[in-house]
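Chain and residue survey
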Amino acid sequence: MKEIVLAYIMYLNSFKGKTKPKMPNLNASAYTDSEYVAVIDSLNADFDDLDSVALTERFLKG
């Protein structure tokens, strides 16, 4: 049994580790307030047809 465990440990050690890729440096100042307002208005328009507050909360909570 010990040989099987050691062989399994050696097998697991043979895997190479994954490194996290370098993330791009996003310029946060490139976004304007009007873009945020447009997105919020779009989201609000998507929920205008919902009458029930409970239904909206359930949808948002998942």
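Bear in mind that the values here come from a model prediction, so they are computed numbers and not experimental data.

Here is what the cut-offs are and how they apply
Residues numbered from 1 in each chain as written. Predicted model: local features only at pLDDT ≥ 70, side-chain atom pairs only at ≥ 80, totals over all residues. Heavy atoms only, no water. Helix = DSSP H or I, 4+ residues; strand = E, 2+ residues; numbered from the N terminus. Buried < 20%, exposed > 50% of the residue type's maximum accessible area, 1.4 Å probe, protein only. Areas by Shrake-Rupley, 256 points an atom, 1.4 Å probe, with all protein chains shown as cover. Expected span 1.5 Å × (residues − 1). Patch = residues over 30% accessible without salt bridge, like charges linked within 9 Å, V, L, I, M, F, W, Y side chains within 5 Å. Salt bridge = Lys/Arg side-chain N within 4 Å of Asp/Glu carboxyl O. Phe/Tyr/Trp six-rings, centres within 6.5 Å; stacked < 30°, edge-to-face > 60°. pLDDT = per-residue confidence, 0-100.

In this section: the overall build of the protein chain. In terms of regular secondary structure, the protein chain is built from three helices and zero strands. Here the protein chain holds 62 residues, and the buried ones make up 2% of them. Within the structure as shown, the protein chain displays about 6,500 Å² of accessible surface, and the carbon and sulfur contribution to it stands at 62%.

Between its terminal C-alpha atoms helix α1 (residues 2–13) stretches 16 Å, which fits the 16 Å expected from twelve residues at 1.5 Å a residue. With respect to burial, α1 is a largely exposed element, only zero of its twelve residues being buried.

This next bit is on a nonpolar patch on the surface. On the surface, a cluster of nonpolar side chains totalling about 520 Å² of accessible area is made up of Met 1, Ile 4, Val 5, Leu 6 and Ile 9. Note on placement: Met 1 falls in the segment before α1.

Enumeration according to the criterion identifies two aromatic pairs in this entry. Between Tyr 11 and Phe 15, the aromatic rings sit 5.1 Å apart at their centres with planes inclined by 75°, giving edge-to-face as the arrangement.

Right, let's get into the confidence of the model for the protein chain. Residues of the protein chain with pLDDT of at least 70 account for 82%, and the chain-wide mean is 76. Averaged pLDDT values over the elements of the protein chain bottom out at 72 in helix α3 (residues 53–61) and peak at 88 in α1.

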